Amino acid sequence: MGGSSAQSYKDTLIFDKSIIYAQRSLDTARKYSLKKAASDAAYLLYQIHKQLNDHRRALEYHEKASEYKDLLLIEQRLNQQAILEVSYRLDKTESENSALQKEKNVQKMVIIGGAIGLLCMVVFLGVLVLLNQQRKRLNSRLEFAKATIETSLQNLTTLSEISKEITASLDLEHILGHLYERINHLMDASVFAIGIYQERGINSVLDYQMTILNDYRVPAYQRTLTDKNQFAVWCLENQQEIFINDVETEYQNFISSFREKVMPPLGKQLQEELQFSEVHYPQSYIYLPLIAKERAIGVLSIASLQKNAYNRQHLELLRAISSQAASALDNATAYNRIALQQEMLEQQAQEIQITNTALQEQLETLRRTQTQLTQAEKMASLGTLVAGVAHELNTPIGVAVTAASTLHGKVEKFESDYQSGALKKSTLETFLEQAKIGADLTLRNLERAANLIQSFKQVAVDQTSDSKRRINLKYYLEGVITSLEPKWKTTQHRVEIDCDEQIELETYPGAIAQIITNLVTNSLMHGFEGYQDDGLMKIVVERDGGRITIEYGDNGRGIAPEVKPRIFDPFFTTKQAQGGTGLGMHIVYNLVTQKLGGEIQCQSEMGKGTAFIVKLPM
């Protein structure tokens, strides 16, 4: 029953069921030592696998069928020999019991001998026939093995060529194109597609850059991984291959919740382009996950519009190809990603270069602006100094002019008395006393004006020339303070200088004058705000090894903690609405650190004054 069922399913091309029933027949024949039935079942399995192009299994069952057939022949020959031996023994017993029939027995023996000879000849001929059949079977096996080996060699050659073609390039389009050409040449690839996995979190997709339907290339598209009813998604997520020769009956083995066709029918426009007169669905599928470095990078799939289009040999070939394709595609994808990143980096580098150029231009503009503002601040400070000195000069010069004018009048009166002869001794004495007072008053006021002018002149020249010269630090500081006295003349504030008269310094005097001017101005504007009396500004100079330390301090209101970290920042001022530029202390910092090559620190506490410690090289 099993053999006939297997033969029936084989004739109707239902190979899976045919194999099952033939295997059952073979197992039953083995169990009950039915060599004829076993040989027939094995031969039927050989025919089925041969038709499926499964050469390895076909060869295996062909050998089994031959073995069972040989065993059957040997068993028949042994049975015949046993019958002859029994006949011989019976004849011998009869000859011994009947002497009368000796002659007949002799005749029988002759006949039996002839029969035995004939039988031996028949057996010999049978052995020759068996040997000839075995030789033919061996030749058949050799031819089959040769064909299998040639097919395997051809496949290996093809695989080697494919590997060279796809691994020799890092161009994704080149690799995909060669894969399609080779696979379509080896088997029916009416539908060919390769999807590359693109990880995007919950929106991850399979990116199909190469999909071909009957030599028609479909535009690139993407398939989301949320569509669980797709073979490609199942194959990628499970990292397992799909082999189907009849989609209508086998797709549920992979996707139990499938509600629609695996692939929708071809669109109307595509049908017209491919000259399809009706809707076509693929019937046979092979899906293989592309695994590279133990991770799934995509899916390779082929499909045919015919049922039973593929066999195990096709699957083995695709397995080998997919392994090489995975490595090539992974390398190409990585190369493209690196190339894209390199392109982005180059673009970013160009943008950064452009930005740097713009920033350099802006920085240069800011530097020029800062220089201009610094110079303007210096000139503004110098202008204020000029105004103060000019105002201060008005008094002594005015007194000197008044004294000179009065003296001039006295001289004219004295001359008139002298010429008229009315000059008296008392008049002479009065004139001499008044002349002495006027001259003394004029001299003292002119000396005071000269000192002011000299101090101002030196400070002004130093601040505008930026020349380097050697100075006596104490005398120079006194000159600077003298030129600044008009700033606090109307108050009770004072300045004290504690400096050794022997300290001389090769430096930029203008920078030191600017530093002291800005520190004094800062004390008057901020430190003594609201103060009219008892404001003390003290300058203490000491030698500190190979350096000079100038400590400037006041007993003013101090600097707020939140303001202190920013006092040297450009354009930072707490007097924005009152004309402050925010450049004074910034200029001081730059002059100390850059112009003079020193360092400056600020120490301050609210209500306890402020101190600036400047350290300069000798």
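Here is what the cut-offs are and how they apply
- Residues numbered from 1 in each chain as written.
- Predicted model: local features only at pLDDT ≥ 70, side-chain atom pairs only at ≥ 80, totals over all residues.
- Heavy atoms only, no water.
- Helix = DSSP H or I, 4+ residues; strand = E, 2+ residues; numbered from the N terminus.
- Expected span 1.5 Å × (residues − 1).
- Buried < 20%, exposed > 50% of the residue type's maximum accessible area, 1.4 Å probe, protein only.
- Polar contact = N/O pair within 3.5 Å; in protein donor to acceptor, adjacent residues only side chain to side chain.
- Contact = heavy atoms within 4.5 Å.
- pLDDT = per-residue confidence, 0-100.
- Phe/Tyr/Trp six-rings, centres within 6.5 Å; stacked < 30°, edge-to-face > 60°.
- Lys NZ or Arg CZ within 6 Å of the ring centre and 35° of its normal.
- Pairing = 2+ DSSP bridges.
- Salt bridge = Lys/Arg side-chain N within 4 Å of Asp/Glu carboxyl O.
- Axes fitted to C-alpha atoms, helices over the stretch in contact; angles between N-to-C directions.
- Parallel < 35°, antiparallel > 145°, perpendicular 65-115°, else oblique.
- Left-handed = near helix turned anticlockwise from the far one by under 90°.
- Nonpolar A, V, L, I, M, F, W, Y, C, P; charged D, E, K, R; others polar.
- Core = buried A, V, L, I, M, F, W, Y, C linked by side-chain atoms within 4.5 Å.

### Some details on helix α12 (residues 473–484)
Part 1 of the argument: An ideal rise of 1.5 Å per residue puts 16 Å on twelve residues; α12 measures up with 17 Å between its terminal C-alpha atoms.
Part 2 of the argument: With respect to burial, α12 is a largely interior element, nine of its twelve residues being buried.
Part 3 of the argument: Of the residues making up α12, those classed as buried are Leu 473, Lys 474, Tyr 476, Leu 477, Gly 479, Val 480, Ile 481, Ser 483 and Leu 484.
Part 4 of the argument: With a side-chain oxygen lying 3.3 Å from the backbone nitrogen of Lys 474, the N-terminal cap of α12 falls on Asn 472.

### Things to note about the environment of Ala 232
Part 1 of the argument: Here Ala 232 is to be found in helix α7 (residues 231–238).
Part 2 of the argument: Considering only alpha carbons, one finds Ala 232 and Ile 242, ten residues apart in sequence, at a separation of 9.1 Å.
Part 3 of the argument: The residues touching Ala 232, leaving out its near neighbours within four places in the chain, are Leu 206, Tyr 208, Tyr 287 and Val 299.

### Notes on the side chain of Ser 301
Part 1 of the argument: Its place among the elements puts Ser 301 in strand β7 (residues 295–304).
Part 2 of the argument: Excluding anything up to four places from it in sequence, Ser 301 contacts Val 191, Phe 192, Ala 193, Ile 286 and Tyr 287.

### Regarding the confidence of the model for the protein chain
Part 1 of the argument: Across the protein chain, the average pLDDT comes to 75, with 70% of residues at or above 70.
Part 2 of the argument: Across the protein chain, the secondary-structure element scoring lowest on mean pLDDT is helix α9 (residues 268–274), at 45, and the one scoring highest is strand β12 (residues 547–554), at 92.
Part 3 of the argument: A low-confidence stretch, residues 257–279 stays under pLDDT 50, and its non-local contacts, those more than four residues away or across chains, total 36 contacts.

### Some words on the packing of aromatic side chains
Part 1 of the argument: Overall, the coordinates contain eight aromatic pairs when judged by the stated rule.
Part 2 of the argument: Judged by centre distance (5.6 Å) and plane angle (75°), the ring pair of Phe 231 and Tyr 285 falls under edge-to-face. With Phe 231 in helix α7 and Tyr 285 in strand β6 (residues 284–292), the pair connects residues that are 54 residues apart, well separated along the chain. Here Phe 231 matches Tyr 285 in class, with each residue buried.
Part 3 of the argument: Residues Phe 231 and Tyr 287 carry aromatic rings whose centres are separated by 5.6 Å and whose planes lie at 70° to one another, so their mutual orientation is edge-to-face. Here Tyr 287 lies in strand β6 and Phe 231 lies in helix α7, a separation of 56 residues in the sequence.
Part 4 of the argument: Pairwise contacts between aromatic rings join Phe 231, Tyr 285 and Tyr 287 into one cluster.
Part 5 of the argument: Directly above the aromatic system of Phe 243 lies the positively charged group of Arg 312, at a separation of 4.7 Å from the ring centroid.
Part 6 of the argument: The ring of Tyr 508 is capped by Lys 595, whose NZ or CZ atom sits 4.5 Å from the centre of that ring.

### Quick look at the pairing of strand β1 (residues 191–198)
Part 1 of the argument: Among the eight residues of β1, six are classified as buried, and the element is accordingly described as predominantly covered.
Part 2 of the argument: Where β1 lies against strand β2 (residues 205–213), eight bridges are found, and the strand directions are antiparallel. If you follow Tyr 197 over to β2, its bridge partner there is Leu 206.
Part 3 of the argument: Connecting β1 to the antiparallel partner β2 that follows it, the hairpin turn spans six residues, and Gly 201 within it adopts a positive phi of roughly 70°.
Part 4 of the argument: Inspection of the sheet shows β1 paired to β7 by six bridges, in the antiparallel sense. For Phe 192, the partnering residue across the bridge sits in β7 and is Ile 302.

### Describing the pattern of salt bridges
Part 1 of the argument: Enumeration over the complete set of coordinates arrives at 14 salt bridges.
Part 2 of the argument: Residue Arg 319 is joined to Glu 316 by a salt bridge in which the shortest nitrogen-to-oxygen separation is 2.7 Å. With Arg 319 and Glu 316 both in helix α10 (residues 312–420), this residue pair falls three residues apart, about one helical turn.
Part 3 of the argument: Since its relative accessible area comes to 31%, Arg 319 is described here as partly exposed.
Part 4 of the argument: Salt-bridge contacts for Glu 506 lead to Arg 470; the nearest nitrogen and oxygen are separated by 3.8 Å. In this pair, Glu 506 is assigned in strand β10 (residues 504–507) and Arg 470 in strand β8 (residues 469–472), connecting sequence segments 36 residues apart.
Part 5 of the argument: One connected set of salt bridges, linked through shared partners, spans Glu 241, Glu 316 and Arg 319.

### Concerning unusual backbone geometry
Part 1 of the argument: One non-glycine residue, Asp 215, lies in the positive phi region at around 70°.
Part 2 of the argument: Here Asp 215 lies in the loop between β2 and β3 (216–218).
Part 3 of the argument: The phi torsion at Asn 308 lies on the positive side, around 55°, for a residue other than glycine.

### Some details on the packing of helix α13 (residues 509–527) against helix α14 (residues 584–595)
Part 1 of the argument: The interhelical angle for the contact between α13 and α14, taken along N-to-C directions, is 150°, at an axis separation of 9 Å. Considering their axes alone, α13 and α14 lie roughly antiparallel with respect to each other. Once α13 is placed against α14, the crossing between them reads as left-handed. Contact with α13, carried on its side by Ala 511, Gln 514, Ile 515, Asn 518, Leu 519 and Asn 522, involves Gly 584, Met 585, Ile 587, Val 588, Leu 591, Val 592 and Lys 595 of α14 and no other residues of that element.
Part 2 of the argument: Its residues assigned to classes, the contact of α13 with α14 comprises eight nonpolar, four polar and one charged.

### So, the nonpolar core
Part 1 of the argument: Formed by 41 residues in total, the largest nonpolar core has its most connected members in Leu 473, Val 541 and Phe 612.
Part 2 of the argument: Secondary structure elements with two or more residues in this core: α12, α13, β11 (536–544), β12, α14, β13 (599–604) and β14 (610–617).
Part 3 of the argument: Among the elements that line this core, the one with the most residues is α13, at seven residues.
Part 4 of the argument: Excluding its chain neighbours within four sequence positions, the residues that come into contact with Val 541 are Leu 473, Leu 477, Asp 498, Cys 499, Ile 503, Ile 548, Thr 549 and Ile 550.

### Looking at the sheet that holds β11
Part 1 of the argument: Reading across the sheet, the five strands line up as β9-β11-β12-β14-β13 and stay open at both edges, with mixed pairing between neighbours. Strand pairing shows two members of the sheet lacking a second neighbour, β9 (494–498) and β13, which therefore form its edges. Strand-to-strand, the axes of this sheet are offset by a mean angle of 15°, without reference to chain direction.
Part 2 of the argument: The pairing of β9 with β11 spans five bridges and is classified as parallel. Residue pairing across strands places Glu 496 opposite Lys 538, the latter belonging to β11.

### Observations regarding the environment of Lys 468
Part 1 of the argument: Structurally, Lys 468 is set in the loop between α11 (425–465) and β8.
Part 2 of the argument: A sequence separation of 42 residues divides Lys 468 from Gly 510, and the C-alpha atoms of the two residues are 8.5 Å apart.
Part 3 of the argument: Leave out the neighbours within four places in its chain, and Lys 468 touches Glu 506, Thr 507 and Tyr 508.

### Quick notes on the packing of α12 against α13
Packed helices, taken two at a time, are described by the angle between their axes plus the distance between the axes.
Part 1 of the argument: The geometry of α12 relative to α13 is characterised by a closest axis approach of 10 Å and an angle of 45° between their N-to-C directions. Here α13 runs oblique to α12, going by the angle between their axes. Every pair of crossing elements has a handedness; the one defined by α12 and α13 is right-handed. Of the residues in α13, those touching α12 at Leu 473, Tyr 476, Leu 477, Val 480, Ile 481 and Leu 484 are Pro 509, Gly 510, Ile 512, Ala 513, Ile 516, Thr 517 and Val 520.

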